[in-house]
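Geometric and topological summary
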Amino acid sequence: ELLVVIAIIAVLASMLLPALNKARERAKMALCAANHKQVMAAQILYSNDYRNYMVWKASDGTPFSGVLTGGVWDFSASAGQTFTRNPAFPEYLTFAARQTFQCPLSGSYLRKDYGNWNTNGFYIPLYEETTAYQKMKPLTGDFYVKGGGYFGGYALSRIKRPSELHLYADTSLQNTPYAAYYWRADYAGDSSSNGGGIWLGHNGRTQLSFVDGHTASLTLAQIQQLPMKPRQFISESYVRFTVLQ
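Residues numbered from 1 in each chain as written. Predicted model: local features only at pLDDT ≥ 70, side-chain atom pairs only at ≥ 80, totals over all residues. Heavy atoms only, no water.

1. Focus: the pairing of strand β11 (residues 205-210)
The criterion, for reference: Relative accessibility thresholds used throughout: buried, under 20% of the residue-type maximum; exposed, over 50%; partly exposed, between the two (1.4 Å probe, protein chains only). Where helices and strands are cited, they refer to DSSP runs of H or I of at least four residues and of E of at least two residues respectively, numbered from the N terminus. When DSSP finds two or more bridges between two strands, those strands count as paired.
Counting buried residues in β11 gives 5 out of 6 residues, a clear majority hidden from the surface. As judged from the 5 bridges shared by β11 and strand β12 (residues 215-219), these two strands associate in the antiparallel manner. Counted as the bridge partner of Q207 is S217 from β12. The turn joining β11 and β12, which pair antiparallel and follow one another in sequence, is formed by 4 residues; a positive phi near 100° is taken by G213.

Given below as structure tokens:
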């Protein structure tokens with residue numbers, strides 16, 4: 001009888017575990033969407049204070065994660081992550097909320113570098129201003145702004161279709177679970193071995209956030225129906241590929 005009970009328990013466990021795993025994954029996907037909304041809400045607050053601009057990088061080179069949390073993130077393999085409060089930046093997201101810049105399904109979620117390579121990415125059209133960005137401007141508007149120093153941002157007043165323009169996405173680098181704090185439509189990344197792109201880590205979907213503040217989990221085919229039509233993607237298993245158009 002004991003063997004029968006054990007066998008029944010084993011069968012029930014085999015039936016329940018997949019359901020539990022799916023429920024756990026759905027919870028992480030919901031958290032990812034909530035994280036996206038918090039980051040975009042912070043960007044909207046920033047734009048209210050800074051002449052209707054969202055930020056990718058400050059003039060001193062601080063990426064959006066530092067600007068929105070009000071400080072500078074520094075990471076080294078030996079010292080780990082440090083955070084220095086910068087009074088020049090208002091605190092739109094708290095220091096405690098730093099994991100909002102990552103997808104819980106990504107391998108980068110447990111890493112401690114929130115300054116650059118372990119955050120999700122905003123769109124940056126550098127190196128493709130005469131290609132992908134040039135093609136999308138008639139539909140989306142000429143919204144990217146390069147300012148003094150390293151400043152890069154997005155002029156909301158120039159955007160034509162805010163509900164269809166996705167600036168923020170789950171991202172990754174090629175063949176690694178590291179995220180990437182930017183993504184590009186045509187250009188692959190820094191090199192063939194370190195290229196980045198939109199990461200399809202949600203069962204073939206990715207989480208995207210749009211200028212109007214809403215977020216959505218979309219497939220590659222659905223993304224290609226939007227005005228930007230990016231070509232560079234990272235598969236769920238962290239392999240980069242290019243979509244032909």
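2. Topic: the pattern of salt bridges
We count it as follows: In the sections that follow, a salt bridge refers to a side-chain nitrogen of Lys or Arg positioned within 4 Å of a carboxyl oxygen of Asp or Glu.
Per the counting criterion, the structure on display carries 4 salt bridges. E129 serves as the salt-bridge partner of K146, at 3.4 Å between the closest nitrogen and oxygen. With K146 in strand β5 (residues 144-146) and E129 in the loop between β4 (121-123) and α3 (132-140), this pair connects stretches of sequence that are 17 residues apart.

3. Things to note about the environment of V72
As a reminder, the rule being used: Contacts: residue pairs with any heavy atoms within 4.5 Å of one another.
Checked against the element boundaries, V72 lands in strand β2 (residues 71-76). The exposure class assigned to V72 is partly exposed, which follows from its relative accessible area of 25%. In this structure, the C-alpha to C-alpha distance between V72 and G61, residues 11 residues apart in sequence, is 9.9 Å. In this view, V72 contacts T62, T82, F83, T84 and N86; residues no more than four positions away in its chain are not counted.

4. Describing the packing of aromatic side chains
The geometry of an aromatic ring pair is captured by two quantities: the separation of the ring centres and the angle between the planes. This is how the line gets drawn: Think of it this way: a Phe, Tyr or Trp ring, Trp meaning its six-membered ring, pairs with another when their centres are within 6.5 Å, and the plane angle makes it stacked under 30 degrees, edge-to-face over 60, tilted otherwise.
On inspection of all chains with the given rule, the structure shows 23 aromatic pairs. Taking the centre distance of 5.9 Å and the plane angle of 70° together, the rings of Y46 and Y92 count as edge-to-face. Of this pair, Y46 sits in helix α1 (residues 2-49) while Y92 sits in the loop between β3 (80-85) and β4, and the two are 46 residues apart along the sequence. On the basis of relative accessibility, which here comes to 13%, the residue Y92 falls in the buried class. Through pairs of rings, three or more aromatic residues link up here, namely F64, F101, F122, Y123, Y133, F143, Y144, Y154, Y168 and W183.

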